[in-house]
Amino acid sequence: MASISSISSPPNFFHHSVNILKASPKLSLQILKPTLTSHPHILTSSYLIIAPSPRHSQRLFAVAEATSVDTSSEAARRLYIGNIPRNLKDDELTKIVEEHGAVEKVEVMYDKYSGRSRRFAFATMKTVEDANAAVEKLNGTEIGGREIKVNITEKPLSKVDMSLLQAEDSQFVDSPHKVYVGNIAKAVTTETLKNFFSEKLTVLSAKVSRVPGTSKSTRFGFVTFSSEEDVEAAISSFNNSLLEGQPIRVNKA
């Protein structure tokens, strides 16, 4: 099949092609990988519509659909700030971040049961340029003796991927008897984490935390139990133990 380097078509061409597909069951639709055009705000998705010709050879119809991508959207301006001191407050972190760019909002994340900081935060900057500048200046620096990790949150997942992560989150059983598990390897999944702790204890539930809207691990998670005794046992048994070749930190959440 010959390759197609560029395609131009009326904006409603894909709409009409879909109608053709519905009317002709022998037609098939193949969605190709989206590609960026030379314009920074345009994403082009290509669709191949294949139909048998009267001579039974394949006839190819190609459609290009341009979709506007707003690089000034919140996702492109939102920063993840990890490994912050537990006593750092919103206003204190705001003062640090705004030294490197205009800030819209800063929010330190807290555990809903204990009220303790989860040691990470999100900052929404005014512009993409402000976000990039903050990452460049702050990533790898120290706050209160802790080296912080700063990066721009990834682009949102597709609806299919997002629904899978939401289903995983919905299965998590929260509890006031919970441990925080830090410094986990990127490859560790929720299932891996649960199975690891289940080797010695009865685990209620577990989950690996992810950057909101993405599949990217924040490299920490939570494991819940049905009693405070199990929490203490988990800390004494698993703190500094190796998970996927990496020593983990386990303490009360």
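Remember, predicted model here, so these are calculated numbers, not experimental data.

**Q** Quick rundown of the sheet that holds strand β13 (residues 217–224)? Include the residues and the values.
**A** Taken together, the 4 strands give an open sheet; going across it, the order is β12-β13-β11-β16, and neighbouring strands pair in antiparallel fashion. The strands lining the two open edges of the sheet, one partner per strand, are β12 (205–210) and β16 (249–252). Averaged over neighbouring strand pairs, the angle between their axes works out to 25 degrees when direction is ignored. Sitting on the sheet, helix α6 (residues 190–198) touches β11 (178–182), β12, β13 and β16, and the angle it makes with β12 is about 140 degrees. Where helix α7 (residues 228–238) meets the sheet, it contacts β11 and β16, and its direction lies at approximately 155 degrees from that of β16.

**Q** Explain the layout of surface pockets residue by residue, including any values.
**A** Counted as a void, the largest pocket has a volume near 510 Å³. In terms of lining residues, the largest pocket is bounded by 23 residues, among which Tyr80, Asn83, Lys149, Thr218 and Arg219 are the most central. Sort the elements by how many residues they give to the lining of the largest pocket and β13 lands first, with 4 residues. Residues of the lining of the largest pocket, tallied by class, amount to 6 nonpolar, 8 polar and 9 charged. When residues are assigned to domains, the lining of the largest pocket turns out to be shared by domain 1 (71–150) and domain 2 (173–250), each giving three or more.

**Q** Before we move on, could you go through the sheet that holds strand β5 (residues 78–82) and cite the residues and values that matter?
**A** If you walk across this open sheet you meet the 4 strands as β6-β7-β5-β10, and the pairing is antiparallel. Each having just a single partner strand, β6 (103–110) and β10 (149–152) make up the two edges of the open sheet. Neighbour-to-neighbour, the strand axes of the sheet open up by a mean angle of 20 degrees, direction not taken into account. In the packing of helix α3 (residues 90–97) onto the sheet, contacts are made with β5, β6 and β7 (117–125), and the angle to β6 comes to roughly 135 degrees. Each of β5, β7 and β10 is contacted by helix α4 (residues 128–138), which is oriented at about 155 degrees to β10, the strand it contacts most.

**Q** Any details on empty space enclosed by the protein? Residues and values, ideally.
**A** Evaluation of the coordinates by the stated rule reveals 1 cavity of 30 Å³ or more. Roughly 60 Å³ of internal volume is contained in the largest cavity. Taken together, Arg86, Asp111, Ser117, Arg118, Arg119, Tyr180, Phe222 and Ala253 make up the full set of residues lining the largest cavity. Here the lining of the largest cavity takes 3 residues from β7, the largest share from any one element. Class assignment for the residues of the lining of the largest cavity results in 3 nonpolar, 1 polar and 4 charged.

The rules behind these values
Every chain's residues receive numbers from 1 upward, in the order its sequence appears when written. Only residues with pLDDT of at least 70 are given local features in this predicted model, and only at 80 or more are side-chain atom pairs given and counted; all residues enter the totals for whole chains, interfaces and linings. Water and hydrogen atoms play no part in the side-chain values, which are based on all heavy atoms of the structure. Two strands make a pair as long as DSSP finds a minimum of two bridges between them. By definition, any uninterrupted DSSP run of H or I lasting at least four residues is a helix, any uninterrupted run of E lasting at least two residues is a strand, and each is numbered from the N terminus. Every axis in this analysis is a line fitted to C-alpha atoms, fitted for helices over the stretch in contact. Angles between the N-to-C directions lie between 0 and 180 degrees. Working rule for contacts: check all heavy atoms of both residues, and any pair within 4.5 Å makes them a contact. Here a cavity denotes grid points, spaced 1 Å and computed from the protein atoms alone, that fit a 1.4 Å probe unable to get out, and a pocket denotes an open set having protein on both sides within 12 Å along at least 5 of 7 lines; residues with an atom within 4 Å of a point are the lining. Grid points are joined across faces, edges and corners, and a volume is the space filled by probe spheres set on the points. Amino acid classes used here: Ala, Val, Leu, Ile, Met, Phe, Trp, Tyr, Cys and Pro are nonpolar; Asp, Glu, Lys and Arg are charged; the rest, including Gly, are polar. Start and end positions for the domains come from either an automated domain assignment or a database one.

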